[in-house]
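Architecture and fold: a report
So the chains spell out like this:
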Number of protein chains: 2
Amino acid sequence: MKRRQPIAPLDTDPPAAGKTPAARAAAAKAGPRKRDNVGAADARIYDAIFQAVMLHRLKPGMKLPEPQLCELFGVSRTLVRKALQRLAGDHIVDLRPNRGAVVASPTPEETREIFAARRAIEAAIMPLVIANATPARIKVLREAIDAEHEALHQPSQREWAQRAGGFHTLLAEQGGNRVLAAFLTQLMSRCSLIVALYEAPGDALCEHEEHAELVARIATGDTAGAIALMDAHLHALEARIRLPKPEEAPDLAALLGLGA
Amino acid sequence: MKRRQPIAPLDTDPPAAGKTPAARAAAAKAGPRKRDNVGAADARIYDAIFQAVMLHRLKPGMKLPEPQLCELFGVSRTLVRKALQRLAGDHIVDLRPNRGAVVASPTPEETREIFAARRAIEAAIMPLVIANATPARIKVLREAIDAEHEALHQPSQREWAQRAGGFHTLLAEQGGNRVLAAFLTQLMSRCSLIVALYEAPGDALCEHEEHAELVARIATGDTAGAIALMDAHLHALEARIRLPKPEEAPDLAALLGLGA
DNA sequence: CCGGATCTAACTGAATACAGTTTGATGTGG
DNA sequence: CCACATCAAACTGTATTCAGTTAGATCCGG
């Protein structure tokens, strides 16, 4: 017999899960197909997996079997597959033909490309933020930094506040370009996978001081300075990732004792 | 009775289309489910629609009814829907709940955001291209420009060669960052929709001279110059789009004769 | 002849059914 | 005791079915 260990780390939210297909059918019989019941179930599944990945509760390589997701969310495979396909489109899961979905594992090469892309996007966002800056918005940024700083002391909140990357997301919002913001969202989710994969010394998190200094430069309208600092900030973050180096990434011959 | 005018402008490629579901079933009966027969049918559908949009054969607002796509490609709605969902994820089609898929119509606001994002991405690509530049690669770029210039004289090829934006795609490839290249691909497809929507005087195309000058700056390693020129090039392209201005974008009151 | 209610074919959304594939477990020969 | 063939449960891929919605066409009153 095959093993079937359940997926714990998912937050299934609204409709109580765990119903069997039969139970689900019975419940549905109540009214003649209630439509507005829960609506976009696939979005719930997408979000639950997305958040679980951001929080490192789902780690790279973990399997996501469709039948289990069906039970957890109380829907048919149709909607589960829809969600998984969207997640695959965003490179959060990997859909291996005939072998099911797993949480994606970015390669070292992809890692470099993702960070380079992040630097490009976030640098491009800085002038937009500065152009839109108002005292009220600067205040919002400062409060976000304080909130994250605060959250560091409550261990339970810490992961979430930091890993959601609220400050960077907030900057993208203030930039006002939703296309760039969407790109950044995707890149940040992939960064979360990278951090989970190549776990760094002391867990790779953003430096608060750099965020604060960044806001200072935004407030004074120092575009070049803000871009330079953001670039350095992201380089530092990348440097904290322990990428498997060529020497650690061992060719087969050596492992087999066939080396020089 | 409802009208059902067929979708002409699609290139269905491999397996002869137009089979009825019954005919398809019969054909499949031949062997006990041949698998490697055509394989990724959804990719074929995706590509066909993608290309048709790039060539402006499918224009914004056009409906894409699932049953017709099923007949055209000889598959069930399952795969058609899969392809449409991917296209929606890339903002090439718009999935209106209960009302079917249509080719997307970017708004003026989205247009500005898309072009701003394109400038950011393509600017970020320039230093990568320069860093990777070799005489051989420069030659490839020059040949691409020549080929596009050539194609201008064959009206049949003209559209394709120009609208596919081969030169920009080639730069993205030479940059060697596949994440940025993928972002650019998406942005270029959306630009194609924009051009189709807000048709410009003389059809908005890239200036060849600017491409040639760009290669010159790449060849001499003039990073700042290349970035600046690319930025200007894309600004010029955007300027050629006739965006509906506030005065053309008519408030209802005026149209009803209730204005001042 | 025009505007609006009514009907229904065509269509979309989601579940289910069915055909294959993978993969771990079991059994067997060396 | 281990390597390998065999088997079946669990799972994935695609088609099909069923329920509900939309929207063009028809019918009717003014």
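Structural data are supplied above this passage.
Conventions and cut-offs
Residues numbered from 1 in each chain as written. Chains lettered and ligands numbered in written order. Predicted model: local features only at pLDDT ≥ 70, side-chain atom pairs only at ≥ 80, totals over all residues. Heavy atoms only, no water. Helix = DSSP H or I, 4+ residues; strand = E, 2+ residues; numbered from the N terminus. Buried < 20%, exposed > 50% of the residue type's maximum accessible area, 1.4 Å probe, protein only. Contact = heavy atoms within 4.5 Å. Areas by Shrake-Rupley, 256 points an atom, 1.4 Å probe, with all protein chains shown as cover. Pairing = 2+ DSSP bridges. Axes fitted to C-alpha atoms, helices over the stretch in contact; angles between N-to-C directions. Core = buried A, V, L, I, M, F, W, Y, C linked by side-chain atoms within 4.5 Å. Parallel < 35°, antiparallel > 145°, perpendicular 65-115°, else oblique. Left-handed = near helix turned anticlockwise from the far one by under 90°. Nonpolar A, V, L, I, M, F, W, Y, C, P; charged D, E, K, R; others polar. Least-squares fit on C-alpha atoms with pLDDT ≥ 70 in both. Phe/Tyr/Trp six-rings, centres within 6.5 Å; stacked < 30°, edge-to-face > 60°. Lys NZ or Arg CZ within 6 Å of the ring centre and 35° of its normal. Polar contact = N/O pair within 3.5 Å; in protein donor to acceptor, adjacent residues only side chain to side chain. Buried area = accessible area lost by both parts, 1.4 Å probe. Salt bridge = Lys/Arg side-chain N within 4 Å of Asp/Glu carboxyl O.

**A look at the overall build of chain A**
Helix and strand content of chain A: 12 helices and 3 strands. For chain A, with 260 residues in total, the buried portion stands at 42%. At a minimum sequence separation of 6, the contacts of chain A that also span at least 24 residues come to 79%. Just so you have it, chain A exposes about 13900 Å², and 56% of that area is on carbon and sulfur atoms.

**Description of the sheet that holds strand E2 (residues 93-96) of chain A**
Residue and element names in this part refer to chain A. Taken together, 3 strands build an open sheet; the order of strands is E1-E3-E2 and the sheet is antiparallel. At either end of the open sheet lies a strand with only one pairing partner, and these are strand E1 (63-64) and E2. Examined bridge by bridge, E2 and strand E3 (residues 100-103) share 4 bridges and lie antiparallel to one another. Note that in E3 the partner of Arg 96 across the bridge is Gly 100. Against the sheet, helix H4 (residues 77-89) contacts E1, E2 and E3, and its axis sits at roughly 110° relative to E2.

**Re unusual backbone geometry**
We note that A:His91 has phi near 60°; this positive angle belongs to a residue other than glycine. Overall, the relative accessible area of 37% leaves A:His91 in the partly exposed class. Not every positive phi belongs to a glycine, and B:Asn98 is a case in point at roughly 65°.

**Section: the pairing of E3(A)**
Residue and element names in this part refer to chain A. Bridge count between E1 and E3: 2 bridges; the pairing is antiparallel. In the strand pairing of E3, Leu 64 is matched with Ala 101. Where E2 folds back on E3, the antiparallel hairpin that results is connected by 3 residues, among which Asn 98 adopts a positive phi of roughly 65°.

**Some details on the sheet that holds strand E2 (residues 93-96) of chain B**
All names here are of chain B. The sheet built from 3 strands is open, its strands ordered E1-E3-E2 with antiparallel pairing. The sheet is open, and its two edges are formed by strand E1 (63-64) and E2, each paired on a single side. This element, helix H4 (residues 77-89), spans E1, E2 and strand E3 (100-103) of the sheet and lies at about 110° to E2.

**Some thoughts on the nonpolar core**
Generally speaking, a soluble globular protein has its nonpolar side chains buried in company with each other. Counting 134 residues, the largest nonpolar core has A:Ile49, A:Leu64, B:Ile49 and B:Leu64 as the members making the most contacts within it. Ignoring anything within four residues of it in the chain, the contact list for A:Leu64 reads A:Ile7, A:Ile49, A:Leu58, A:Leu69, A:Leu84, A:Val93, A:Ala101 and A:Val103.

**A closer look at the packing of helix H5 (residues 108-132) of chain B against helix H8 (residues 166-175) of chain B**
When two helices pack together, their arrangement is given by the angle between the helix axes and the distance between those axes. Residue and element names in this part refer to chain B. Their axes nearest at 8 Å, the elements H5 and H8 cross at an angle of 55°. It follows from the interaxial angle that H5 and H8 lie oblique. In this structure, H5 meets H8 at a crossing whose hand is left-handed. On the side of H5, the interface is formed by Arg 118, Glu 122, Ile 125, Met 126, Leu 128, Val 129 and Asn 132, while H8 contributes His 168, Leu 171, Ala 172, Gln 174 and Gly 175. Partitioning the contact of H5 with H8 into residue classes produces 6 nonpolar, 4 polar and 2 charged.

**Focus on the relation of the copies chain A and chain B**
Placing chain A over chain B gives an RMSD of 0.0 Å and needs a rotation angle of 180°, together with 0.0 Å of translation along the axis. With respect to symmetry, the two chain copies, as superposed, fit the operation of a two-fold axis. A share of 100% of interface residues in chain A that are also interface residues in chain B marks the association as one of identical surfaces.

**A closer look at helix H3 (residues 66-73) of chain B**
An α-helix turns once per 3.6 residues; consequently, residues spaced three or four apart project the same way. Turning to H3(B), its buried residues are B:Glu66, B:Gln68, B:Leu69, B:Cys70 and B:Phe73. Downstream of H3(B) by a residue or two, B:Gly74 has a phi angle that is positive, lying close to 65°.

**Some points on the packing of aromatic side chains**
In the structure shown here, the tally under the stated rule is 3 aromatic pairs over all chains. Taken together, a centroid distance of 3.9 Å and an interplanar angle of 15° make the contact between A:Phe183 and B:Phe183 stacked. Highlighted residues: A:Phe183 in helix H9 (residues 178-197) and B:Phe183 in helix H9 (residues 178-197), drawn from two different chains. The same class applies to A:Phe183 as to B:Phe183, namely buried. Judged by centre distance (6.0 Å) and plane angle (20°), the rings of B:Tyr46 and B:Phe50 are stacked. Taken together, the residues span about one helical turn, with B:Tyr46 and B:Phe50 both in helix H2 (residues 41-54) at a distance of 4 residues. Since its relative accessible area comes to 15%, B:Phe50 is described here as buried. When the ring centre of A:Tyr46 is taken as origin, the NZ or CZ atom of A:Arg86, which lies over that ring, is 4.1 Å away.

**Points about the environment of A:Gln68**
Turning to its location among the elements, A:Gln68 is positioned in helix H3 (residues 66-73). In this structure the C-alpha to C-alpha distance between A:Gln68 and A:Val80, which are 12 residues apart in sequence, comes to 9.7 Å.

**Brief notes about the side chain of A:Ser192**
All names here are of chain A. With respect to the helices, strands and loops of the structure, Ser 192 is situated in helix H9. In this structure Ser 192 comes out as buried when scored by relative accessible area, which is 6%. Within the local environment of Ser 192, its side chain forms a polar contact with the backbone oxygen of Met 54, the two atoms lying 3.3 Å apart. The contact partners of Ser 192, leaving out residues within four places of it in the chain, are Val 53, Met 54 and His 56.

**A word on the interface of chain A and chain B**
Across the boundary between the two partners, chain A contributes 21 residues, which contact 21 residues of chain B. When residues of chain A are sorted by the area they lose upon contact with chain B, A:Glu113, A:Val179 and A:Phe183 head the list and together hold 34% of the total. On inspection of chain A and its partner chain B, the count reaches 4 salt bridges. Residue B:Arg178 pairs with A:Glu113 through a salt bridge whose shortest N-O separation is 3.2 Å. Put simply, chain A and chain B have 6 residue pairs in polar contact (both at pLDDT 80 or more) between them. The element best represented in the side of chain A that touches chain B is helix H5 (residues 108-132) of chain A, accounting for 8 residues. When its residues are assigned to classes, the side of chain A that touches chain B shows 10 nonpolar, 5 polar and 6 charged.

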